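Architecture and fold: a report
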Amino acid sequence: MHRGVAILPVFSSIPYLLHTPLHYDSFYDFSFLIFLLLSMALCGSSDNVFNVMEFGAVGDGVTDDSQAFLKAWNAVCTASTTSATLTIQTKTFLLRPTIFTGPCKPPQIYFQVLGDLTAPKTKSAWYGSKATDWLQFEYINGLIINGNGTLDGQGSVWWSLQYYIKVVLNNSDTNGEMDELKPIALSFCFCNNLQISGINVINSPSKQVKLFKCIGATLRNLQIRAPQDSPNTDGLVIASSSQVQVLDSYIGTGDDCIAILTGSANINITRIACSPGHGISTGSLGYQGNYDTVEEIHVQDCSFTGTQNGIRIKTWQGGSGYARKITFQRITLNAVGNPIIIDQYYCPGQTKCQNKTSAVEVSDVSYDEVHGTSTTKTAINLSCSQSVPCTNIQLNHINITTAGQAFETTSYCLNAHGTAGICVPNVPCLQK
């Protein structure tokens, strides 16, 4: 039964066929093969393509299409084929909080977002749902999400609630506890060999995209956006995940463009444009005495414009564990606050930050070819724990000047050990 169009799975096999010896008697047999493949791609002739419209979706942006999507997902997930495709046409689909769960039979599943998906505009529409996030993918291996559609989390009603608690009630000591009640727009849990490309994610109630317990993920050509004043709307959160690549994307939100949390390793972030936001952060780590670890984090060829921070490592006092083998290379700054910062005294919005002796150990961190302008006088700030100092911090080819203000940029170090090569500003405070 023909259910739609799936061009990508078919075309992906053509390069292989073109480089495989063919046992045909004539050129015309080969030409017919190519014609057949093109016809299958354009006309759709297999049973492994599932269009949400054929499962009852309306696509008017008003009707709840959640159940139609779940029916289509069930068909995709249980298909007895090597790959299956769920196709979302160029319409606008309203979805309540929805869980797409596996494991699935096909080793490879395409989720083609050609249309737009929108979340409910009222909080009451979220009540009674088993989903903690808006669009939640769980226990699915080989998932490929692509297309040029937009996922709109309709988060503004949630942001005003956060503003009321923090500003009107003057209660800043929640440290994200209220944020835990706000759903993430797009989350992936236990999804290995994940690929996401081309889509737009905007206006999440909380974090825009989150990876948790994922091994092997590639995210590229994404547009992730939320207003600069939207609270806790981190662009991408990577937690307890490894072998992750984030490439060629624009991220601008009201919090960290990318946050790398505990349990993460072998993370490569390349050619990301961050504006606005709080920069790219490792952490925070060690909250409430936790043992947290991150390692092999590599950030290169990224740019920051008008962000609150640039490249940051942040840990709480009283924690333990490590943040190590972290590199920052070829970073461009344009009017950025706190361009380079290690903060082992992280304690946002709280007035009762007690000194504690234990700390997450920060070591083997290198900064190379970081250049641009700073809006803060202290362009390099290395504030490390007295009991667990930072070690093997390396800076070279650094050139950070003022963004037009009447001061010269400076550096600050506290219990930081390492070496500094050619640096503007000079870093004489770094201990050997």
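Residues numbered from 1 in each chain as written. Predicted model: local features only at pLDDT ≥ 70, side-chain atom pairs only at ≥ 80, totals over all residues. Heavy atoms only, no water.

Another aspect to go through is the state of the cysteines. Counted under the stated rule, the structure contains 5 disulfides. The residue that forms a disulfide with Cys347 is Cys353, at a sulfur-sulfur distance of 1.8 Å. Between Cys347 and Cys353 the disulfide shows an S-S torsion of about -80°. By sign, it is left-handed. With a sulfur-sulfur separation of 2.0 Å, Cys384 is cross-linked through a disulfide to Cys390. Residues Cys384 and Cys390 are joined by a disulfide whose S-S torsion is about -100°; by sign, that bridge is left-handed. With a relative accessible area of 0%, Cys390 lands in the buried category. By sequence order of its bonded cysteines, the protein chain has the disulfide arrangement 1-2, 3-4, 5-6, 7-8, 9-10. As a non-bridged cysteine, Cys191 has Cys214 as the owner of its nearest cysteine sulfur, 5.1 Å distant. When its relative accessible area of 0% is taken as the criterion, Cys214 is described as buried. (Disulfide = S-S within 2.5 Å. Buried < 20%, exposed > 50% of the residue type's maximum accessible area, 1.4 Å probe, protein only.)

Once that is clear, we can look at the side chain of Gln317. Following the sequence through the fold, Gln317 ends up in the loop between strand 23 (311–315) and strand 24 (320–336). Polar side-chain contacts of Gln317 include one of 3.0 Å to the backbone nitrogen of Lys356. Those residues in contact with Gln317 that sit more than four places away from it in its chain are Gly286, Gln344, Tyr345, Gln354, Asn355, Lys356 and Ser358. (Helix = DSSP H or I, 4+ residues; strand = E, 2+ residues; numbered from the N terminus. Polar contact = N/O pair within 3.5 Å; in protein donor to acceptor, adjacent residues only side chain to side chain. Contact = heavy atoms within 4.5 Å.)

Each regular strand shows side chains that alternate between the opposite faces of the sheet. Burial along strand 5 (residues 98–101) is one-sided: the face carrying Thr98 and Phe100 is buried and the face carrying Ile99 and Thr101 is not. Looking at chain direction, strand 5 and strand 8 (residues 135–138) are connected through 4 bridges and run parallel. Bridge pairing links Thr101 to Glu138 in strand 8. (Pairing = 2+ DSSP bridges.)

Bringing the nonpolar core into the picture now. Core analysis: the largest hydrophobic core is formed by 95 residues, its most contacted members being Phe137, Phe188 and Tyr367. Top contributing element to this core by residue count: helix 4 (residues 66–77), with 7 residues. (Core = buried A, V, L, I, M, F, W, Y, C linked by side-chain atoms within 4.5 Å.)

Before going further, it helps to spend a moment on the pairing of strand 12 (residues 194–197). The side-chain alternation of strand 12 yields one buried face, formed by Leu194 and Ile196, and one unburied face, formed by Gln195 and Ser197. Bridging between strand 9 (residues 143–147) and strand 12 involves 2 bridges; their strand directions are parallel. Within strand 12, the position partnered with Ile144 by the bridge is Gln195. Relative to strand 15 (residues 215–220), strand 12 runs parallel, the two sharing 4 bridges. If you follow Ser197 over to strand 15, its bridge partner there is Arg220.

Once that is clear, we can look at the sheet that holds strand 5. The strand order across the open sheet formed by 11 strands is 5-8-11-14-17-19-21-23-25-27-29, and the pairing between neighbours is parallel. Each of the sheet's edge strands pairs with one partner strand only, and the pair in question is strand 5 and strand 29 (410–414). Averaged over all neighbouring strand pairs, the angle between strand axes comes to 15°, with direction disregarded. The sheet contact formed by strand 8 and strand 11 (residues 186–189) spans 4 bridges and is parallel. (Axes fitted to C-alpha atoms, helices over the stretch in contact; angles between N-to-C directions.)

A separate point is the packing of aromatic side chains. Under the defined criterion, the tally for this structure stands at 15 aromatic pairs. On the numbers, 4.9 Å between centres and 20° between planes, the contact of Phe100 with Phe137 is stacked. Here the residue Phe100 occupies a position in strand 5, and Phe137 occupies one in strand 8, the gap between them amounting to 37 residues. Exposure class is identical for Phe100 and Phe137. Each is buried. Here a set of aromatic residues connected by ring pairs shows up, and it is made of Trp73, Phe100, Phe111, Phe137 and Phe188. When the ring centre of Tyr322 is taken as reference, the NZ or CZ atom of Arg324 above it lies at 3.6 Å. (Phe/Tyr/Trp six-rings, centres within 6.5 Å; stacked < 30°, edge-to-face > 60°. Lys NZ or Arg CZ within 6 Å of the ring centre and 35° of its normal.)

In short, the description is geometric, and any link to function would need to be established separately.
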